[in-house]
Structure formats: structure tokens, C-alpha cells
Amino acid sequence: MSKKIVIVGAGPIGCYIAQLLKKYGYDSLLLEEHGEVGRPLHCTGLVGRKVFSEKRPFMPPLSAILNEINGAVIHYGNQSFVIKRKGVAYVIDREKFDKGLSVGLNILYGNRFLGIEKFRNGYIIDTEKDQIFADIVIGADGSNSSVRNIINNNTSNISSYRGIQFRIKMELRDRNLVEVYLKDSFFFWIVPESESIVRVGTISDNPYQNLQDFIRENKIKGEILDKFGGLVSIGICKNTVKENIALVGDAACQLKPLSYGGIYFGLRAAAILADCIKRDRINDYDALWKKELAFEIKIGLKAKELASRLNKKELEKVFKLLKEQKLFIEKMGDFENHSRFVLDVIKNPRFYPQLGNLIRIIFK
């Protein structure tokens, strides 16, 4: 008899794993607390090209792509430099992206997940509307995951931050370049959605006030079309599978700590989880996805920790170094795998005079 699988959360990763399981012969049920897929918005909508270029059993819709990004302008204080890489990323319509992944799936809308109780060889899932039996429960319920808290007694190693983003109608300098403004402990972004619309946002301890100050200080003028926000959680989730309950995507902290992007990692981990379920080896999932992605996350966490420990003078030194090595960044940088660049910096003796022992100390 086919296993009953319930996926909590019909975001892009929840829908993607449901599509994979459907191909393997499982008819999953997705629980979605909102009235439709793709709303409300919580994401910048900037994804690396690998999201669309890598072959997958179920592909995201190309029609969701709004704009191609060919590089970035990096700012710190009064200094800046440009990194150019053609087609490095895409700006997407997240609502269309999510809805494209949800086509043909069995989704129960407006039904918030409340909890799980063990029942015989499976689970009874409590929702606002009813109780549902499942042999396997998958938590794809985002950064503020309730399922994560059920299978992890201690989440103290996970840090959460709030983000906010405005869509603004304004005149653009370049529709194919993202702008990143680095601050001492966080950053702002200006992402061009089209020839006349940008997405301006930040993730910080006080994002709304920080973003308003940024817009005022940089004289960004235009009509605000939308405002939306969300939560991101970074760290290494200790348990991402327990018995027949598993976590995937932001619920499992499968995202890049430096940029907070999670779609690519989530798609990769979802494929691993779906394969484990197909082979009736769900308990292998935690070790398998961590073997592929955990090192990348750990390097990002270390780099973020390093940046938080540097004083203003040291940060200026790092920025000057990055500016001088822009060609190296263009050659070695990877939108999805930040560790490649970070490790190349650490291993290269030519960077030591500028950074002293800071990097070697923290990465021991």
C-alpha cells in the first residue's frame, strides 16, 4: 500500500518535492495556511542561473524570469566597484514561479498546521480544520518552522533575522546590474526587476527603519508599489529527520548565510529527500544532504562571523582588497557556492599582508 505523505507548506520547495514524489508514484497532500500559492511574498526574487540551467525531473517555469542579471555594483562607504558576469542570475516573479511548481498538486488551502501526535506506525496531524493521518510528514514550512521545533529540542544554534523589501517605480541606472550596499553588520540591495521597477530591501535587526533611512540617504525617489517582509533563519539544523518526520528548505536552514538565498539549496535537498523516500531510506537523508551542502553553509557562517568581528578600519581594508581583486572575484566567484571564493582567499598567500592573521585565526 502506498505511503500517505503530508507536506507542511506549499512554498517552492514544498511544491517541488511533491512534484518529485508524484513522479515516484506518491500522491502527497500539501497543507498551506494561506489561500493560494505564492502569496504573500517573502523573497527578494533573485536566483542564480543554476536554478534554471541544471536539469531536474521537474523544471521551474521559465516564464517566471523577469530579468537577467549580468553582475553587481558593490558599495562600502564612499567606495564602489563593479563585478561583471553575464547571466549570473535572474530576477523572477515569485508568485508565477511558485504557482508553476504547484500545478497538478493536491493542496489543502487555508488550513494551518498545529501539531503532530504519534499514532501506531504513523502520525495524526492536527490542523485548524481537521485531523489528517500520515505515514511520513515533511516540514517545508519556512524559516519559522513549527515542524523543526517538534523534532529539535534545542535550536539555540539557529539565528533568525527579519527582512523587508519595497518594490519601487523609478528610473534605473542599469537594468542588468544589482547594487549591494555593505554596512558594518548587514547590507542593502537594489535589484532591477524591469526597466522601470526595482526591489530595494535589507535584512537586519531593525529592517523597516534601516530601509527607510537607506532610501532617504541615497535619495531613492519613486512610487512604492508594494511592501513585503519575512524571516530568515541560518545555522546548521541538528536534526532534519527523526523517524518519519523530515525537514527541507528554509525549515532545515538550507540557505546561504551570506546572502540568505535558499531556493537553490532547497531544490537540491528536496531531490535528496525524495530519493531517500523512494528507496525507503528516509533516515539516510540528514547525512546525505549535509554531505553535499553543510560544508558550504558552515563556510558561510564562518565568513559571516569573521565580518561581525572586524572593526570599521578592518572592514575598509577588506573592501579595498576586494576592490583590488575584482578580476579574481569575477573569475572565481560562484553565485550559489560562496565557499569556493572564501577558501581561495584563505589559501592564497598574496592576501595575507592585507588581512593579517584574521582569517587564519577564525578558520583554524
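Since we're looking at a predicted model, the values are computed, not measured. Residue positions within a chain follow its written sequence, with the count starting from 1. Note on the predicted model: pLDDT of at least 70 is required for a residue's local features to be given, and 80 or more for side-chain atom pairs to be given and counted; whole-chain, interface and lining totals, by contrast, use all residues. Based on all heavy atoms of the structure, the side-chain values leave hydrogens and waters out of the count.

Novice: Explain the pattern of salt bridges here, please?
Specialist: Pairing of side chains with opposite charge becomes possible as their charged atoms draw close. Every case where a carboxyl oxygen of Asp or Glu lies within 4 Å of a side-chain nitrogen of Lys or Arg is listed as a salt bridge. In this structure the tally under the stated criterion is 20 salt bridges. One salt bridge in this structure joins Glu 193 and Arg 167, with 2.8 Å as the shortest N-O distance. Of this pair, Glu 193 sits in the loop between strand 13 (187-192) and strand 14 (197-204) while Arg 167 is found in strand 11 (residues 159-169), placing the two residues 26 residues apart along the sequence. Side by side, Glu 193 and Arg 167 carry an identical accessibility label, which is buried. Three or more residues are tied together by salt bridges with common partners; here these are Glu 36, Arg 39, Glu 95 and Lys 99. Each helix is a run of H or I in the DSSP string that is no shorter than four residues. Each strand is a run of E no shorter than two, and both are numbered from the N terminus. Note on classification: 1.4 Å probe, protein chains only; a residue is buried when its accessible area is under 20% of the maximum for its type, exposed when over 50%, partly exposed between these limits.

Novice: Whenever I open this one, the environment of Lys 227 confuses me. Can you help?
Specialist: Looking at where Lys 227 falls in the secondary structure, it is placed in strand 15 (residues 223-234). Owing to a relative accessible area of 48%, Lys 227 belongs among the partly exposed residues under this scheme. When the C-alpha positions of Lys 227 and Asn 144 are compared, they lie 20 Å apart, and in sequence the two are 83 residues distant. Only heavy atoms enter the contact rule, under which two residues are in contact if any of them lie within 4.5 Å. Excluding anything up to four places from it in sequence, Lys 227 contacts Gln 165, Phe 166 and Tyr 208. Polar contact is the term for a pair of N or O atoms within 3.5 Å; when the atoms are in protein, one must be able to donate a hydrogen and the other to accept it, and sequence-neighboring residues count only if both atoms are side-chain atoms. Only 3.0 Å separates the side chain of Lys 227 from the side chain of Tyr 208, close enough to count as a polar contact.

Novice: So what exactly am I meant to see when it comes to the side chain of Gln 19 here?
Specialist: In this fold, Gln 19 is placed in helix 1 (residues 12-23). At a separation of 2.8 Å, a polar atom in the side chain of Gln 19 contacts the main-chain carbonyl oxygen of Val 103.

Novice: Just checking my understanding: could you explain helix 6 (residues 263-278) for this structure?
Specialist: Side chains of residues three or four places apart in an α-helix project in the same direction, reflecting 3.6 residues per turn. Under the convention used throughout, the expected extent of a helix is 1.5 Å for every residue step, that is, one less than its residue count. Its 16 residues place the ends of helix 6 22 Å apart at the C-alpha level, agreeing with the 22 Å of an ideal helix rising 1.5 Å per residue. Counting buried positions along helix 6 yields 12 of 16 residues, so the element is predominantly enclosed. Inspection of helix 6 places Ile 263, Tyr 264, Phe 265, Gly 266, Leu 267, Ala 269, Ala 270, Ile 272, Leu 273, Ala 274, Cys 276 and Ile 277 among the buried residues, and these make up the whole buried set.

Novice: I would appreciate a short explanation of the sheet that holds strand 15 in the present structure.
Specialist: Within a beta sheet, neighbouring strands are joined by backbone hydrogen bonds and run either parallel or antiparallel to one another. The pairing criterion is simple: DSSP has to find at least two bridges between the two strands. What the 8 strands build is an open sheet, ordered 3-5-4-12-13-14-11-15; its pairing is mixed. Each edge of the sheet is formed by a strand with only one pairing partner; in this case those strands are strand 3 (46-48) and strand 15. Pairs of neighbouring strands in the sheet enclose a mean axial angle of 30°, with direction left out of account. Relative to strand 5 (residues 79-92), strand 3 is paired through 3 bridges, and the arrangement is antiparallel. For Gly 48, the partnering residue across the bridge sits in strand 5 and is Ala 89. Angular values range over 0 to 180 degrees, each being the angle between N-to-C directions of two axes fitted as lines to C-alpha atoms, with helices fitted over their stretch in contact.

Novice: Explanation requested: the nonpolar core in the structure shown.
Specialist: In globular proteins that are soluble, nonpolar side chains generally tend to be buried together. What is meant by a nonpolar core is a set of buried Ala, Val, Leu, Ile, Met, Phe, Trp, Tyr and Cys residues, joined one to another through side-chain atoms within 4.5 Å. Ranked by size, the top nonpolar core spans 47 residues in total, and within it Ile 7, Leu 21, Ile 138, Val 248, Leu 273, Ile 277 and Tyr 285 carry the most contacts. Of all the elements in the fold, those that place two or more residues in this core are strand 1 (5-8), helix 1, helix 2 (50-53), strand 5, helix 3 (94-102), strand 10 (136-139), helix 6 and helix 7 (285-309). A total of 11 residues in this core trace back to one element, the largest contributor, which is helix 6. Not counting residues up to four positions away in its chain, the partners in contact with Val 248 are Ile 13, Ile 138, Gly 139, Ala 140, Gln 254, Gly 266, Ala 269, Ala 270, Leu 273 and Tyr 285. Counting residues in each nonpolar core, the second largest holds 44 residues, with Ile 74, Ile 234, Leu 247 and Leu 315 among its members.

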